[in-house]
Amino acid sequence: MASTDTAPVVLDKDATGGASDTADVGAGLDALDTVTAQRGSLGEALRTKALPPLIGVLVVLALWQGAYSLHVTSSYNLPSPADVWRSLLDLWYQGTLFSIIWTSVWRGLSGFVLAVIIGTPIGLVVARVKPVRTAIGPVLQGLQSLPSVAWVPAAVIWLGINDQMMYTVILLGAVPSIANGLVAGIDQVPPLFLRAGRTIGATGLTGARHVLIPAALPGYLAGLKQGWAFAWRSLMAAELVASSPDLGRGLGRFLEDQREFSDMSGVLLGIILILFVGIAIDLLVFTPLERRVLRNRGLLASGK
């Protein structure tokens, strides 16, 4: 009788185990890719984002009131928070509060937009053309470190006391920061991106628009934030120094008027309003832009 030997089937451990491990790793990566951040409740958002700044403000007010109550210095030099609040109410009842703020905000924002329009192409040319960078790069760095108030006397002599002088001072303060920010961002773009852009025909202005600027966006955005800070400081310096009925009354002019009247409550109110506007523009404009850029690059959860 013939017998049939059946050989046992032996599975290749490496083949089955390797396939299983690969599948597990792939599933894990897919799970990471599909994780979506859950939006927190309104109470949690207020607790984590609004409460800390509010506590900081309250601490400053408490220290301020304590210094006033302890008579650290005379009430003329350091009025109480209540005195500054009364100065704010005076402007409110006079109907001039919003006009003073808007005069400076409109002038600052419009000057900043002009600075972006001028500074962006300058930054592109300096970053991509080596002879231009060698010639102009140090000049841009020097202009960025020059105090904005230094331009005011020259601008007054060149253009007179008018809006053109104001915008000139803003541009001289903001354009170098914007251009240098774009140059720094372009320097950090991986060369592979540029080669890939050239491969698909994205060269010249097309490459700058679709490859170079998007890749350099984090550095460019940092330059824009700094450019706004320089634009706002330049405007305040110009409004402090130059005075004319044709210019209107902005925050810088209000601050200088209070100094001339020896009204320390008004001086502190002017400082607070200037600080408030600068912080508000940063929170309303640049912080959302920065979060969007980080989120699009996977550096920030979608729910934040």
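Please refer to the structure higher up on the page.
So, a few notes on the structure that sits alongside this text. This structure is a prediction, so every number in the text was calculated from the model and none was measured.

**Focus: the pattern of salt bridges**
Step number 1: With the rule as written, the count across this model stands at nine salt bridges.
Step number 2: A salt bridge links R86 to D83; the nearest nitrogen and oxygen atoms lie 2.1 Å apart. Here R86 pairs with D83, and both are found in helix α3 (residues 81-94), just three residues apart, close to one helical turn.
Step number 3: The partly exposed category is assigned to R86, whose relative accessible area is 47%.
Step number 4: With its nearest N and O atoms 3.7 Å apart, the salt bridge here joins E260 to R253.
Step number 5: Overall, E260 belongs to the partly exposed group, its relative accessible area being 46%.

**Description of the nonpolar core**
Step number 1: F112, L224, W232 and L251 are the most contacted members of the largest nonpolar core, which has 54 residues in total.
Step number 2: For this core, the elements supplying multiple residues, two or more each, are α3, α4 (97-128), α6 (151-159), α7 (163-187), α10 (217-241), α11 (251-260) and α12 (264-296).
Step number 3: Top element by residues in this core is α7. It accounts for eleven residues.
Step number 4: In contact with L224, other than residues within four places in its own chain, are F112, V116, I178 and F286.

**Side note on the packing of α10 against α12**
Step number 1: Where α10 contacts α12, the two axes come as close as 11 Å, and the packing angle between them is 170°. Between α10 and α12, the angle is such that the two are roughly antiparallel. Every residue of α12 that contacts α10 at L217, P218, L221, L224, K225, W228, W232 and M236 is listed here: I274, V277, G278, I281, D282, F286, L289, E290 and V293.

**A short note on the packing of aromatic side chains**
One pair of aromatic rings is described through two measures. These are the centre distance and the angle between the planes.
Step number 1: This model, assessed by the stated rule, comprises five aromatic pairs.
Step number 2: Their ring planes at 70° and their centres at 5.6 Å tell us that W92 and F98 sit as a pair that is edge-to-face.
Step number 3: Judged by its relative accessible area of 49%, W92 falls in the partly exposed class.
Step number 4: Geometrically, the ring pair formed by F112 and F286 is edge-to-face, given 5.8 Å between the ring centres and 85° between the ring planes. Remark: F286 occurs in helix α12 and F112 occurs in helix α4; sequence separation between them is 174 residues.
Step number 5: On the basis of relative accessible area, F286 is assigned to the buried category, the value being 3%.
Step number 6: Counting every residue linked through ring pairs, the aromatic cluster contains F112, W228, W232 and F286.
Step number 7: Above the face of the F230 ring, R233 is positioned so that its terminal group lies 4.6 Å from the ring centre.

What counts, and at which threshold
- Residues numbered from 1 in each chain as written.
- Predicted model: local features only at pLDDT ≥ 70, side-chain atom pairs only at ≥ 80, totals over all residues.
- Heavy atoms only, no water.
- Salt bridge = Lys/Arg side-chain N within 4 Å of Asp/Glu carboxyl O.
- Helix = DSSP H or I, 4+ residues; strand = E, 2+ residues; numbered from the N terminus.
- Buried < 20%, exposed > 50% of the residue type's maximum accessible area, 1.4 Å probe, protein only.
- Core = buried A, V, L, I, M, F, W, Y, C linked by side-chain atoms within 4.5 Å.
- Contact = heavy atoms within 4.5 Å.
- Axes fitted to C-alpha atoms, helices over the stretch in contact; angles between N-to-C directions.
- Parallel < 35°, antiparallel > 145°, perpendicular 65-115°, else oblique.
- Phe/Tyr/Trp six-rings, centres within 6.5 Å; stacked < 30°, edge-to-face > 60°.
- Lys NZ or Arg CZ within 6 Å of the ring centre and 35° of its normal.

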